[in-house]
Amino acid sequence: MRTFNSVMLGLSLATLTLGAKAQETTDPELWVSDELTTFVRSGPTDGYRIIGTLTAGDPVERLETSGDYSLVEGPGGDQVWILSSNLQQEKSATAQLPVLQERVETLSDELEGISEQWKGRLASTTDALEQREARIVDLESRNEVLQDQYSESQERLRGLQARLDTQEEDLLLRYFMYGGGVAGGGLLVGLIVPHLPRRRKKNDRWF
């Protein structure tokens, strides 16, 4: 009986000691670390029995800490002890996944909208470029036609100029020939007239 009382006294002292070490805290919501599925215990030491597990990513609320352990309230409302090192302040990937998926969908929609806009702009730019290229080809074709017409006009102009030069030479030659003929005829008349016999004047007097 005395031994039983001693054991009970020892357990009572241990409980009081653990209670004195326990710190009453109310932390923001925490999450079980993503890297594991951890065991939880009925007390804040490895000596307490395992009473269940918490799945990685489960949100928990820390109520107090004692040594390496934290007393947390799990998703079902149960209060259990878990190693503090197995808790993280960042929202777990499991909890973030729906938000991330929604964000991905939003970004995908935005990206698709941007892609459609760029496709429309690219199509418009391509059409404009094709129209300009067609216009350039048309202008080049017209330019070639005008160049050919210009070359033909140049040839005709040179021909007309040559004919004009020839006509001017012929006219000048005719002018000189006509002038020479007139001058020669005048000279010939001037040479012949002095040698023509003169008519005698009639004498109307009676002797």
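Presented here is an overview of the structure given in this document.

As for the overall build of the protein chain
Looking only at helices and strands, one finds two helices and eight strands in the protein chain. Of the regular secondary structure in the protein chain, the N- to C-terminal order runs α-β-β-β-β-β-β-β-β-α. Across the 207 residues that make up the protein chain, the buried fraction comes to 14%. Long-range contacts, defined as pairs at least 24 residues apart, comprise 51% of the intrachain contacts of the protein chain with a sequence gap of at least 6. For the protein chain, the accessible surface area stands at approximately 17,400 Å², while carbon and sulfur atoms represent 57% of it.

Remarks on the nonpolar core
Counting residues in hydrophobic clusters, the biggest one holds eight residues: Leu30, Val40, Leu54, Val60, Val72, Val80, Ile82 and Leu87. Discounting chain neighbours no more than four positions away, the residues touching Val40 are Arg49, Ile50, Ile51, Gly52, Thr53, Leu54, Val80, Trp81 and Ile82.

So, a negative patch on the surface
On the surface, Glu102, Glu105, Asp109, Glu110, Glu112 and Glu116 cluster together into a patch of negative charge. Its location among the elements puts Asp109 in helix 2 (residues 93–192). Asp109 sits in the exposed class, given a relative accessible area of 54%.

Regarding the packing of aromatic side chains
Inspection of every chain in the model, using the stated rule, returns zero aromatic pairs. In this structure, Arg121 packs its charged tip against the face of Trp118, placed 5.2 Å from the ring centre.

Concerning the side chain of Arg41
As for its placement among the helices and strands, Arg41 is situated in strand 3 (residues 38–41). One buried charged residue, Arg41, remains without a salt bridge, the closest side chain of opposite sign being Asp46 at 4.2 Å. Ignoring sequence-local partners within four residues, the contact set of Arg41 consists of Asp46, Tyr48, Arg49, Ile50, Ile51, Tyr69, Val80 and Trp81.

Observations regarding a nonpolar patch on the surface
Among the surface-exposed residues, Leu187, Leu188, Leu191 and Ile192 lie close enough to one another that they form a single nonpolar patch of about 390 Å² accessible area. Among the secondary structure elements, Ile192 is positioned in helix 2.

Quick look at the pairing of strand 6 (residues 69–73)
Among the five residues in strand 6, four count as buried, and that is most of the element. Two elements, strand 5 (residues 59–66) and strand 6, share five bridges in a ladder whose sense is antiparallel. Across the sheet, residue Arg62 finds its bridge partner in strand 6, namely Val72. Hairpin connection of strand 5 to strand 6: two residues between the antiparallel strands, including Gly67 at a positive phi of 65°. Pairing analysis gives five bridges linking strand 6 to strand 7 (residues 79–83), with the strands arranged antiparallel. Each residue of the ladder has a partner; that of Ser70, found in strand 7, is Ile82.

Details of the pattern of salt bridges
For the coordinates displayed, the defined rule picks out three salt bridges. Salt-bridge contacts for Asp138 lead to Arg135; the nearest nitrogen and oxygen are separated by 3.7 Å. You can see Asp138 and its partner Arg135 sitting in helix 2, three residues apart, about one turn around the helix. Its relative accessible area of 28% is what places Asp138 among the partly exposed residues. Its relative accessible area of 46% is what places Arg135 among the partly exposed residues. Among the salt bridges present, the one from Asp138 reaches Arg142, with a minimum N-O distance of 3.3 Å. A residue pair is termed a helical-turn pair when its members lie 3 or 4 positions apart in one helix, as Asp138 and Arg142 do in helix 2 at four residues. A residue is classified by how much of its surface remains accessible, and Arg142, at 48% relative accessible area, is partly exposed. The network of salt bridges with common partners includes Arg135, Asp138 and Arg142.

About the thresholds
Residues numbered from 1 in each chain as written. Predicted model: local features only at pLDDT ≥ 70, side-chain atom pairs only at ≥ 80, totals over all residues. Heavy atoms only, no water. Helix = DSSP H or I, 4+ residues; strand = E, 2+ residues; numbered from the N terminus. Buried < 20%, exposed > 50% of the residue type's maximum accessible area, 1.4 Å probe, protein only. Contact = heavy atoms within 4.5 Å. Areas by Shrake-Rupley, 256 points an atom, 1.4 Å probe, with all protein chains shown as cover. Core = buried A, V, L, I, M, F, W, Y, C linked by side-chain atoms within 4.5 Å. Patch = residues over 30% accessible without salt bridge, like charges linked within 9 Å, V, L, I, M, F, W, Y side chains within 5 Å. Salt bridge = Lys/Arg side-chain N within 4 Å of Asp/Glu carboxyl O. Lys, Arg positive; Asp, Glu negative; His and termini not counted. Charge placed at Lys NZ, Arg CZ, Asp CG, Glu CD. Phe/Tyr/Trp six-rings, centres within 6.5 Å; stacked < 30°, edge-to-face > 60°. Lys NZ or Arg CZ within 6 Å of the ring centre and 35° of its normal. Pairing = 2+ DSSP bridges.

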